[in-house]
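Listed below are the residues making up each chain.
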Amino acid sequence: MASSAGLSLCGQALVVRGGSRFLATTIANSDDDSLFVYDCSTAEEKPQENKGEDGQPVEKGNDMILASAFSESGSYFALTDDSKRLILFRTKPWQCLSVRTVVRRCTALTFTASEEKVLVADKSGDVYSFSVLEPQGCGKLELGHLSMLLDVAVSPDDRYVLTADRDEKIRVSWSAAPHSIESFCLGHTEFVSRIFVVPDHPELLLSTSGDGTLRLWEYRSGRELHRCHVPTLQEPDAPQREKRFAASRIMYCYQDSWVALLCDSIPVVCIFQLDVPRHLLVYRQQLSFQHRVWDVAFEETQRLWVLQDCREAPLVLYEPVQGQWQAPLAWGTASIVCTRPALTTWRPTCIRRRKGCSSSWRRGSNGRAHSLGPMGTPRS
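Predicted, not measured: the structure shown is a model, and the values here were computed from it.

Quick one: what's the story with the sheet that holds strand β4 (residues 36-39), residue by residue and with numbers?
An order of β1-β2-β3-β4 is seen for the four strands of this open sheet, with the pairing classed as antiparallel. One side of each edge strand has no neighbouring strand; the edge strands of this open sheet are β1 (5-10) and β4. Geometrically, the sheet is characterised by an average inter-axis angle of 15 degrees between neighbouring strands, direction not taken into account. Where strand β2 (residues 13-18) meets strand β3 (residues 21-26), six bridges bridge the pair, whose relative direction is antiparallel. Pairing of valine 15 across the sheet is with alanine 24, part of β3.

Printed below as a string of structure tokens:
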């Protein structure tokens with residue numbers, strides 16, 4: 001599901017997006033403190049103006065980034081925006097490779113494991129593939145649903161394309177022949193908001209839905225292995241929530257098989273552990289926040305980044321201490337994301353702008369200087 005702000009992390013590369021812009025940097029301990037800043041409003045190739053049934057022009061897009069993703073190795077990054085464009089980047093060094101139009105506004109995208117294609121899911125229920133090796137090539141229709149697609153994923157061996165739609169279904173199709181369906185994962189009673197293939201256990205799939213459940217599947221057979229009803233896991237001292245539950249992100253950490261579930265419109269992140277031998281999702285902890293949480297991402301070193309709607313501390317970093325993910329000790333104990341000092345202590349860290357400065361300035365990729373605004377997004 002598309003969001004107005006997001007966080008992507010692959011290896012040492014970190015991307016924070018908001019509105020029509022994103023910034024990319026590295027979390028490595030190095031002397032390189034440069035940022036790559038890109039603004040979709042400056043991108044080329046906008047779709048031709050379409051007219052509605054009354055002959056009046058259809059409302060144009062606002063360039064807001066709808067979805068984004070790294071490739072498996074982190075060598076490529078792609079995004080789609082509200083102006084119906086797919087923009088592809090090389091990350092080493094950062095460079096825009098192409099700007100291509102898509103048929104309809106997109107809801108999700110992913111790279112194939114081989115990094116040869118980008119798969120883009122749209123609101124009409126179709127999945128198109130775009131070549132990475134031929135960055136100017138046109139898209140190819142791969143498969144379609146009868147309802148809006150909310151997420152798309154691929155198996156680690158590229159054999160299967162998995163799609164989730166608004167009509168409660170998860171479909172598993174053959175990549176080589178997408179019209180051939182391997183299975184359906186059926187059981188959700190409302191829209192399926194997110195799906196995630198567990199990379200180190202490629203036969204397993206995680207899914208979440210508007211029905212309030214997080215489910216574990218053996219997706220090739222369509223067999224449900226375990227189910228957690230997330231609203232019932234609310235901790236006793238937590239405030240009661242009346243809003244309907246839906247999840248906007250599932251993230252996974254190889255070390256100790258941690259699973260982070262971000263609850264949409266509720267400032268809560270639920271932490272689970274995947275018990276693979278017993279095919280169970282074990283609930284461990286609930287992280288609560290005072291501000292809306294936009295996105296989460298795991299580091300390879302078993303740290304959890306949280307992007308929240310807070311001007312003073314848009315990025316918060318959590319670390320596990322004796323099996324528990326600790327809340328920040330104080331908002332004032334800040335590390336500076338732009339200068340990336342060494343984080344030598346095994347404790348939570350709050351990431352915000354340099355103390356005493358109203359903003360941190362860096363030269364953007366389009367030759368202009370930008371400041372870092374709320375949620376880490378570039379500000380004119």
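Run through unusual backbone geometry, naming residues and quoting values.
Here the amide bond leading from lysine 92 into proline 93 is cis, since omega sits at -5 degrees, within 30 degrees of zero. Among the structural elements, proline 93 can be located in the loop between β7 (85-91) and β8 (94-101). The phi torsion at lysine 84 lies on the positive side, around 60 degrees, for a residue other than glycine. Inspection of the secondary structure puts lysine 84 in the loop between β6 (76-81) and β7. Residue glutamine 302 is not a glycine yet carries a positive backbone phi of 70 degrees.

Let's hear about the pattern of salt bridges: which residues, and what values?
By the definition in use, this model includes 17 salt bridges. Between aspartate 211 and arginine 215 there is a salt bridge, with the nearest N and O atoms lying 3.2 Å from each other. Exposure class is identical for aspartate 211 and arginine 215. Each is buried. The partner of glutamate 319 in a salt bridge is arginine 303, and the shortest N-O contact between them spans 3.2 Å. Here glutamate 319 is found in the loop between β27 (315-318) and β28 (320-321), whereas its partner arginine 303 is found in the loop between β25 (293-298) and β26 (304-308), with 16 residues between them in sequence. Bridged by salt links that share partners, the residues Asp211, Arg215, Glu224 and Arg227 form one connected network.

So what's going on with the packing of aromatic side chains? Which residues, and what values?
The full count for this structure, using the stated rule, is 21 aromatic pairs. Ring centres of phenylalanine 22 and phenylalanine 36 lie 6.0 Å apart, and the angle between their planes is 45 degrees; this geometry places the pair in the tilted category. Of this pair, phenylalanine 22 sits in strand β3 while phenylalanine 36 sits in strand β4, and the two are 14 residues apart along the sequence. Residue classification places phenylalanine 36 among the buried residues on the basis of a relative accessible area of 13%. For the ring pair phenylalanine 272 and tyrosine 283, a centre distance of 5.6 Å and an interplane angle of 65 degrees mean the geometry is edge-to-face.

Describe the layout of surface pockets, naming the residues involved and giving the relevant values.
Its boundaries defined by the atoms lining it, the largest pocket holds a volume of some 1,400 Å³. Forming the walls of the largest pocket are 50 residues, and the residues nearest its centre are Leu9, Phe70, Glu72, Phe196 and Met251. For the lining of the largest pocket, the secondary-structure elements that each account for two or more residues are β1, β5 (65-70), β9 (106-111), β13 (149-154), β17 (192-197), β21 (247-253) and β25. Element by element, the count of residues in the lining of the largest pocket is highest for β21, at six residues. Tallied by class, the residues present in the lining of the largest pocket amount to 31 nonpolar, 11 polar and eight charged.

Account for the nonpolar core, naming residues and giving values.
Grouped together as the largest cluster of nonpolar side chains are 32 residues, with contacts concentrated most on Val269 and Leu304. At the level of secondary structure, the elements contributing two or more residues to this core comprise β1, β2, β21, β22 (258-263), β23 (268-275), β25, β26 and β27. In terms of residues, this core owes the most to one element, β25, which gives five residues. Excluding residues that lie within four positions of it along the chain, leucine 304 makes contacts with Ala260, Ile271, Leu287, Val296, Ala297, Phe298, Val316, Leu317, Tyr318 and Trp325.

Give me the sheet that holds β7: which residues, what numbers.
Strand order in the open sheet made by the four strands is β5-β6-β7-β8, with antiparallel pairing throughout. In the strand order of this sheet, the two ends are held by β5 and β8, each with one partner. Neighbouring strand axes in the sheet, compared pairwise and without regard to direction, differ in orientation by 15 degrees on average.

Account for the confidence of the model for the protein, naming residues and giving values.
Parts of the model with low pLDDT should not have their predicted coordinates read in detail. In the predicted model, the protein carries a mean pLDDT of 82, and the fraction of residues at 70 or more is 77%. Of the regions scoring below 50 in pLDDT, residues 51-56 engages in five contacts with residues more than four places distant in sequence or in other chains. Contacts of residues 329-380 to residues separated by more than four positions or lying in other chains number 137 contacts, the stretch itself having pLDDT below 50.

What counts and what doesn't
Residues numbered from 1 in each chain as written. Predicted model: local features only at pLDDT ≥ 70, side-chain atom pairs only at ≥ 80, totals over all residues. Heavy atoms only, no water. Pairing = 2+ DSSP bridges. Helix = DSSP H or I, 4+ residues; strand = E, 2+ residues; numbered from the N terminus. Axes fitted to C-alpha atoms, helices over the stretch in contact; angles between N-to-C directions. Salt bridge = Lys/Arg side-chain N within 4 Å of Asp/Glu carboxyl O. Buried < 20%, exposed > 50% of the residue type's maximum accessible area, 1.4 Å probe, protein only. Phe/Tyr/Trp six-rings, centres within 6.5 Å; stacked < 30°, edge-to-face > 60°. 1 Å grid on protein atoms, 1.4 Å probe; cavity = no way out; pocket = protein on both sides within 12 Å on 5 of 7 lines; lining within 4 Å. Points joined across faces, edges and corners; volume = space filled by probe spheres on them. Nonpolar A, V, L, I, M, F, W, Y, C, P; charged D, E, K, R; others polar. Core = buried A, V, L, I, M, F, W, Y, C linked by side-chain atoms within 4.5 Å. Contact = heavy atoms within 4.5 Å. pLDDT = per-residue confidence, 0-100.

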